[in-house]
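What follows is the residue order along each chain.
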Amino acid sequence: MPTHSTLEAVSAARWRIAASLTVAMMVAYFGFVLLVAFNKPLLGTPVVPGLSLGMLLGALVIVVAWVLTWIYISWANAHYDASVDGLR
Amino acid sequence: MTSLGGPNVTAIVFFIIFIVMSLGITVWASRKTRTADQFYTAGRSVTAFQNGLALAGDYMSAASFLGIVGLVSTSGFDGLLYSIGFLVGWPVVMFLIAEPLRNLGRYTFADVLAARLRAKPIRIAASVGALAVITFYLIAQMVGAGNLIRLLFGLQYEFAVMIVGVVMLAYVLFGGMMATTWVQIVKAVLLLGGATLLAVLVLARFGMNPLALFAEAQAQYGDTVLGPGRLVTDPLDAMSLGLALMLGTAGLPHILMRFYTVRDARTARTSVGYATAFIGFFYLLTFILGFGAMVIVGRKVIMAVDAGGNMAAPLLAEVVGGTPFLGFIAAVAFATILAVVAGLTLSGAATLSHDLWVNVVRGAHVEEREQLVVARVATVVLAALSIILGITFKGQNVAYMVGLAFAIAASANFPALVLSIFWSRLTTAGAQASMLIGTVSTLALIYLSPTIQIDVLKHADAWFPLRNPGIITIPLSFVTAILVSLLRPVPADARRFVELERQLHLGVD
């Protein structure tokens, strides 16, 4: 059945994107947490007066969460929706 | 000297305005709440932007506003770890859960599991996880409400708990999801607006430059405030807490339920985008508010009013904006608690009535009228229960209960939910075992942890070293689901996965 193979392709594509973005988020966040846990002095280092490396990286984790969310939305709007519509 | 703790005219005026407005919304919403579908999902009429705000409203509890600002003001950088941890779950909700959930279910996350697996047994198991999360979350919110309102307005604890219980009951009972959603939206706008204004007033004292503020904190309290300090002592514990915060968000029943209030999966997706933007912005503000309170109010003053630091944000508001602004922030904090408790109660009512009564006890053959009646009875029961729990736990340290709720959500609800969406070989027995073991192991390990043994029971040491069990219980729950499913494969469950694949992407046409 042609529809079925397309459905599988849509599923596989969505799973690939979802899994890679989830892994990316986990790497960013747990990388940060591990640095906090294992290298406190490094994160206490000032980057500029008033800003430590830890605060900068922490704010960056929030920015990474935004960017990954934005990547997913633009992928889904551009590709996923079209291929899902193709299944109807 | 602060006027905190005495009756504050502005606070009372703002609070009465909020109550009148929200009850007005409830009256309006009650006319649109005639069917079970409308009661649970607001007729699926909520837009992406509205749902984004409502999700943010459900998630930004008073614990995160007052608690995190307080933690940053007393511990500096370490408090920020919570700000970040509470945000990173949202992309996970987006990538793994939101759209499939919307397409596969109707009212609760258990619908997704029931669509794929044997409905009755799986709904019972899912209800255990859902009700455990909701109960602990409710206790934390109600005790927080009682303490907070006593500190903010000088009202008696029991009286405050009853006000919250009764007003929230009115929202949910009469206005269902429509009223709950709009109360969340109003509260989210007030909270985001109030926090932004507070941050601007703080930054105005530092030439609108956050770095000047942080540098001042460093000058007053030493280099350590900007770097990791004493809160993070055990790396495993830090990882464990991080895992629970990240994956727990995707297992919170009251958050997941919001995805049914929108028209389709596409709208659900966009709404998570808005929610992530709002919540991230809010947690970035906590950087400024926390350090602002540390510098402008001072740690000594903050901790003299409340040892936990919970009054840092209201105290800061008083210093930078005077008593009226303190009143406004206090009213916003009260509104925040009300809205979160309403959301929790509605999702608990959905579990009791839709999952347990309608689908387990009555085998899904239930008339519309009975569904609504049962949902409302469940709401009253939960409201009464939350008042009783709030009064029972008076004076006890319940700060750990939000963490416990996240740990159960991450260990009991998340693994089964994500596997049922993505793994064809998951069986009913596998999912059941995963949810039950996830709940029981989390409860057992928290009981044996320093949080209960040392902090609550005052024993000298604890049997289990970690304060958060997530790093053990989340993998345990996944492994249980996978092992049980592989050891006793059920072809019917796997076939059903294939049958649902189309619905997962297209929804119900």
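Per chain, residue numbering runs from 1 following the sequence as it is written. Each chain gets a letter, beginning with A, and each ligand a number, beginning with 1, in the order they are written. Reporting of local features is limited, given that this is a predicted model, to residues whose pLDDT is at least 70; pairs of side-chain atoms are given and counted only at 80 or more, and all residues count toward the totals for whole chains, interfaces and linings.

Asker: Just give me the short version of the overall build of chain A, but keep the residues and values in it.
Answerer: Of the regular secondary structure elements, chain A holds three helices and two strands. Going from N to C terminus, chain A has its helices and strands arranged as α-α-β-β-α. Each of the three principal axes of chain A carries a C-alpha extent, and together these read 60 × 20 × 10 Å. Taken over 88 residues, chain A has a buried fraction of 31%. By the convention adopted here, residues are in contact when the distance between their C-beta atoms, placed from the backbone, does not exceed 7 Å. In chain A, the share of contacts with a sequence separation of at least 24, taken over all contacts with a separation of at least 6, comes to 59%. By the criteria applied, helices consist of DSSP H or I runs no shorter than four residues and strands consist of E runs no shorter than two, each listed in order from the N terminus. Any residue with 12 or fewer other C-beta atoms within 10 Å of its own C-beta is exposed, any with 20 or more is buried, and the rest are partly exposed; the C-beta atoms used are placed from the backbone.

Asker: If you had to explain the overall build of chain B to someone new, which residues and values would you point to?
Answerer: Counting its secondary structure elements, chain B contains 21 helices and zero strands. Taken against the 2.2 N^0.38 rule, which gives 23 Å for 509 residues, the C-alpha radius of gyration of chain B at 22 Å falls within 12% of a compact globule. Considered along the principal axes of its C-alpha atoms, chain B spans approximately 70 × 50 × 40 Å. Going through the 509 residues of chain B one by one, you find that 62% of them count as buried. In this setup the radius of gyration rests on C-alpha atoms only. A globule is expected at 2.2 Å times the number of residues raised to 0.38.

Asker: Residue-level account of the interface of chain A and chain B, with values.
Answerer: Counting residues at the interface gives 39 residues for chain A, matched by 41 residues for chain B. At the level of elements, helix H1 (2-38), helix H2 (40-44), strand E2 (51-52) and helix H3 (53-87) of chain A are the ones that each hand at least two residues to the side of chain A that touches chain B. Considering every element that reaches the side of chain A that touches chain B, the biggest residue donor is H3 of chain A, with 16 residues. Residue composition of the side of chain A that touches chain B, grouped by class: 28 nonpolar, eight polar and three charged. Ten residues, namely Ala, Val, Leu, Ile, Met, Phe, Trp, Tyr, Cys and Pro, are considered nonpolar, four, namely Asp, Glu, Lys and Arg, are considered charged, and the remaining ones, Gly among them, are considered polar.

Asker: Kindly report on the packing of helix H8 (residues 119-153) of chain B against helix H18 (residues 428-448) of chain B, identifying the contributing residues and their values.
Answerer: Each packed pair of helices is defined by two parameters, the angle between the axes and the distance between the axes. Residues and elements named next belong to chain B. Axes here mean lines fitted to C-alpha atoms, for a helix over just the part in contact, with angles spanning 0 to 180 degrees between N-to-C directions. Look at H8 against H18: their axes get within 9 Å of each other, and the N-to-C directions meet at 20°. When the interaxial angle is binned, H8 and H18 end up roughly parallel. With respect to the hand of their crossing, H8 and H18 are arranged in left-handed fashion. Contacts between H8 and H18 involve Pro-121, Ile-122, Ala-125, Ala-126, Val-128, Gly-129 and Ala-132 from the former and Thr-428, Ala-431, Gln-432, Met-435, Leu-436, Gly-438 and Thr-439 from the latter. A breakdown of the residues in the contact of H8 with H18 according to their chemical character gives nine nonpolar, five polar and no charged. Should an angle fall under 35 degrees it is taken as roughly parallel, and over 145 as roughly antiparallel, whereas 65 to 115 is taken as roughly perpendicular and any remaining angle as oblique. Here is the rule for handedness: rotate from the far helix to the near one, and if that takes an anticlockwise turn smaller than a right angle the crossing is left-handed, while a clockwise turn gives right-handed.

Asker: Account for helix H15 (residues 312-361) of chain B, with residues named and values stated.
Answerer: Residue and element names in this part refer to chain B. Take the residue count of a helix, subtract one, and multiply by 1.5 Å to get its expected span. Its 50 residues place the ends of H15 only 48 Å apart at the C-alpha level, less than the 74 Å of an ideal helix rising 1.5 Å per residue. Along its length, H15 reaches its greatest deviation from straightness, about 140°, at Gly-321, and the proline Pro-324 lies no more than four positions downstream. Counting buried positions along H15 gives 42 out of 50 residues, so the element sits mostly inside the fold. A positive backbone phi angle near 60° is found at Gly-363, which sits one or two residues after H15. The angle separating two fitted axes, one through the seven residues that finish at a residue and one through the seven that start at it, defines the bend at that residue.

Asker: Account for the packing of helix H4 (residues 62-75) of chain B against helix H13 (residues 265-297) of chain B, naming residues and giving values.
Answerer: Residues and elements named next belong to chain B. At a closest axis distance of 7 Å, the pairing of H4 and H13 adopts a crossing angle of 50°. By the criterion of interaxial angle, the relationship of H4 to H13 is oblique. Here H4 and H13 pass one another in a crossing that is right-handed. Seen from H4, the contacting residues are Ile-68, Val-69, Val-72 and Ser-73; seen from H13, they are Thr-286, Leu-289, Gly-290, Phe-291, Ala-293 and Met-294. Across the contact of H4 with H13, the residue classes break down as seven nonpolar, three polar and no charged.

Asker: Tell me about the environment of Lys-120 of chain B, and name the residues and values.
Answerer: All names here are of chain B. Checked against the element boundaries, Lys-120 lands in helix H8. You can call Lys-120 partly exposed: it has 15 C-beta atoms within 10 Å. The spatial distance from the C-alpha of Lys-120 to the C-alpha of Ala-364 is 9.8 Å, given a sequence separation of 244 residues.

Asker: Run through the nonpolar core, naming residues and quoting values.
Answerer: Residues and elements named next belong to chain B. Each nonpolar core reported here comprises buried Ala, Val, Leu, Ile, Met, Phe, Trp, Tyr and Cys residues connected via C-beta atoms within 7 Å. Among the nonpolar cores identified, the biggest contains 222 residues, and Leu-289, Ala-293, Leu-316 and Ala-333 are the most heavily contacted of them. Ranked by the residues each element gives to this core, the list is headed by H15, at 29 residues. Setting aside its immediate chain neighbours within four residues, Leu-316 contacts Leu-198, Val-202, Leu-289, Gly-292, Ala-293, Ile-296 and Val-297.

Asker: An account of the confidence of the model for chain B is requested, with residue identities and associated values reported.
Answerer: All names here are of chain B. Residues with a pLDDT of 70 or more make up 99% of chain B, whose mean pLDDT is 91. Looking at any residue, its pLDDT shows the predictor's confidence there, from 0 to 100. Taken element by element, chain B is modelled with least confidence in helix H19 (residues 450-456), mean pLDDT 85, and with most confidence in helix H20 (residues 470-487), mean pLDDT 97. The complex prediction reports pTM at 0.94, with the ipTM value standing at 0.93.

Asker: Just give me the short version of the environment of Pro-469 of chain B, but keep the residues and values in it.
Answerer: All names here are of chain B. For Pro-469, the position within the fold is in the loop between H19 and H20. Counting along the chain gives 15 residues from Pro-469 to Val-484, while the straight-line C-alpha distance between them is 22 Å. Pro-469 has contacts with Ser-240, Ala-407, Thr-442, Leu-445, Ile-446 and Ser-449, leaving out every residue within four places of it along the chain.

Asker: An account of unusual backbone geometry is requested, with residue identities and associated values reported.
Answerer: Residues and elements named next belong to chain B. Even without glycine at this site, Ala-42 takes up a positive phi of about 55°. Looking at where Ala-42 falls in the secondary structure, it is placed in the loop between helix H2 (36-41) and helix H3 (48-59). Positive phi outside glycine occurs at Arg-44, with the angle close to 55°. Within the secondary structure layout, Arg-44 lies in the loop between H2 and H3.

Asker: Quick one: what's the story with helix H9 (residues 157-204) of chain B, residue by residue and with numbers?
Answerer: In this model H9 of chain B runs just 36 Å from its N-terminal to its C-terminal C-alpha over 48 residues, more than 12% under the 70 Å that 1.5 Å per residue would give. Within H9 of chain B, the axis deviates most sharply at Gly-175 of chain B, by approximately 130°.

Asker: Explain the confidence of the model for chain A to me, and be specific about the residues and the numbers.
Answerer: Averaged over every residue, the pLDDT of chain A is 90; the share at 70 or more is 94%. Taken element by element, the predicted model of chain A shows its lowest mean pLDDT in H2 of chain A (87) and its highest in H3 of chain A (94).

Asker: Would you mind going over the environment of Leu-252 of chain B in detail, with residue names and values included?
Answerer: Residues and elements named next belong to chain B. Turning to its location among the elements, Leu-252 is positioned in the loop between helix H11 (235-248) and helix H12 (253-257). Counting along the chain gives 48 residues from Leu-252 to Ala-204, while the straight-line C-alpha distance between them is 38 Å. Those residues in contact with Leu-252, other than ones at most four positions away along the chain, are Val-133 and Ala-409.

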